[in-house]
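A look at the structure
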Amino acid sequence: MFKKNKFNIKEFKLGMRTFKSGLAVFLVILLFGLFKWEGVQIAALTAVFSLREDFDQSVHFGASRILGNSIGGFYALVYFLIDSALKDHFLVTLLFVPVCVMLTIMTNVAMNNKAGVIGGVSAMLIISLAVPSGNTIQYVFIRVFETFIGVFVAMLVNYDVNQIKKRFQK
């Protein structure tokens, strides 16, 4: 099954995109540490996912990710409202989380945001299935905010590293 997955030492190297990924995660962790924010994992993941070959691709993918996560956050909020109205019953989770997943996918596709589907569904599931009790609405906005931070750091890293590369190539 894994025969094609042999370790090749010649391929074990630090490329520019790998370096930028590490730098972006470093900056996200630093930023969250300085401001004593929680939830660094979403921002760090978003920064890595949003890093693309160049600045323009990072902006495009980052915008798709923000839109997708906002849609997922919206449907997580809808789920919380339904769940609260029906007194946190297990059947509400069992029935409405899958419905909100489908709605998240359908909305992203209808908005021509197929690149944001996985991020949107991830956000919807993380928010709806991992929310601390009593902080539902705040939790939705915090998770979407973390996505904004991750995308911003990815774009900043891509832009700054590209500027540095241009200076040394002259």
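Note that the coordinates shown come from a computational prediction; the quantities given were computed from them, not determined experimentally. (Residues numbered from 1 in each chain as written. Predicted model: local features only at pLDDT ≥ 70, side-chain atom pairs only at ≥ 80, totals over all residues. Heavy atoms only, no water.)

Quick word on the packing of aromatic side chains
- Within the structure shown, the criterion is met by seven aromatic pairs.
- On the basis of an interplanar angle of 85° and a centroid distance of 5.2 Å, the ring pair of Phe 32 and Trp 37 is categorised as edge-to-face.
- With a relative accessible area of 3%, Phe 32 lands in the buried category.
- Residue class for Trp 37 comes out partly exposed when judged on its relative accessible area of 33%.
- On the basis of an interplanar angle of 50° and a centroid distance of 5.6 Å, the ring pair of Tyr 79 and Phe 80 is categorised as tilted. The pair formed by Tyr 79 and Phe 80 is uniform in burial state, with each residue classed as buried.
- Members of the aromatic cluster, connected to one another through ring pairs, are Phe 32, Phe 35, Trp 37 and Phe 145.
- When the ring centre of Phe 61 is taken as reference, the NZ or CZ atom of Arg 52 above it lies at 3.9 Å. (Phe/Tyr/Trp six-rings, centres within 6.5 Å; stacked < 30°, edge-to-face > 60°. Buried < 20%, exposed > 50% of the residue type's maximum accessible area, 1.4 Å probe, protein only. Lys NZ or Arg CZ within 6 Å of the ring centre and 35° of its normal.)

Describing the confidence of the model for the protein
- For the protein, mean pLDDT is 89; residues scoring 70 or higher make up 98% of the total.
- Ranking the helices and strands of the protein by mean pLDDT puts helix H4 (residues 90-110) first, with 97, and helix H6 (residues 136-169) last, with 85. (pLDDT = per-residue confidence, 0-100. Helix = DSSP H or I, 4+ residues; strand = E, 2+ residues; numbered from the N terminus.)

Structural notes on unusual backbone geometry
- For Lys 36, which is not a glycine, the phi torsion comes out positive at approximately 55°.
- The residue Lys 36 is located in the loop between helix H1 (16-35) and helix H2 (40-50) in this model.
- Of note, Asn 112 is a non-glycine position whose phi angle comes to about 55°, a positive value.
- You can see Asn 112 is positioned in the loop between H4 and helix H5 (117-129).

Section: the pattern of salt bridges
- A full pass over the atoms with the stated rule returns one salt bridge.
- Between Glu 146 and Arg 143 there is a salt bridge, and its shortest N-O distance comes to 2.6 Å. On the criterion of helical spacing, the pair formed by Glu 146 and Arg 143 is a turn pair, its members being three residues apart in helix H6. The burial state of Glu 146 is the same as that of Arg 143; both residues are buried. (Salt bridge = Lys/Arg side-chain N within 4 Å of Asp/Glu carboxyl O.)

Describing the packing of H2 against H6
- H6 packs onto H2 with a crossing angle of 40° between their chain directions and a minimal axis gap of 7 Å. On the basis of their axis angle, the class for H2 and H6 is oblique. With respect to the hand of their crossing, H2 and H6 are arranged in right-handed fashion. Residue-level contacts link Ile 42, Ala 43, Thr 46, Ala 47 and Ser 50 of H2 to Arg 143, Glu 146, Thr 147, Ile 149, Gly 150, Val 151 and Ala 154 of H6.
- Looking at the contact of H2 with H6 residue by residue, the class counts come to six nonpolar, four polar and two charged. (Axes fitted to C-alpha atoms, helices over the stretch in contact; angles between N-to-C directions. Parallel < 35°, antiparallel > 145°, perpendicular 65-115°, else oblique. Left-handed = near helix turned anticlockwise from the far one by under 90°. Contact = heavy atoms within 4.5 Å. Nonpolar A, V, L, I, M, F, W, Y, C, P; charged D, E, K, R; others polar.)

Thoughts on the nonpolar core
- Core analysis: the largest hydrophobic core is formed by 17 residues, its most contacted members being Tyr 79, Phe 80, Met 124 and Ile 127.
- For this core, the secondary structure elements donating two or more residues are helix H3 (55-85), H4, H5 and H6.
- Not counting residues within four places of it along the chain, the set of residues in contact with Ile 127 comprises Gly 73, Ala 76, Phe 80, Tyr 139, Val 140 and Arg 143.
- Residues Ala 24, Leu 51, Ile 149 and Ala 154 belong to the second largest nonpolar core, which totals 12 residues. (Core = buried A, V, L, I, M, F, W, Y, C linked by side-chain atoms within 4.5 Å.)

A word on the side chain of Asn 158
- For Asn 158, the position within the fold is in helix H6.
- With a relative accessible area of 0%, Asn 158 lands in the buried category.
- Side chain to side chain, Asn 158 and Lys 20 meet in a polar contact 2.4 Å long.
- Excluding residues that lie within four positions of it along the chain, Asn 158 makes contacts with Lys 20, Leu 51, Arg 52, Glu 53, Asp 54, Phe 55 and Ser 58. (Polar contact = N/O pair within 3.5 Å; in protein donor to acceptor, adjacent residues only side chain to side chain.)

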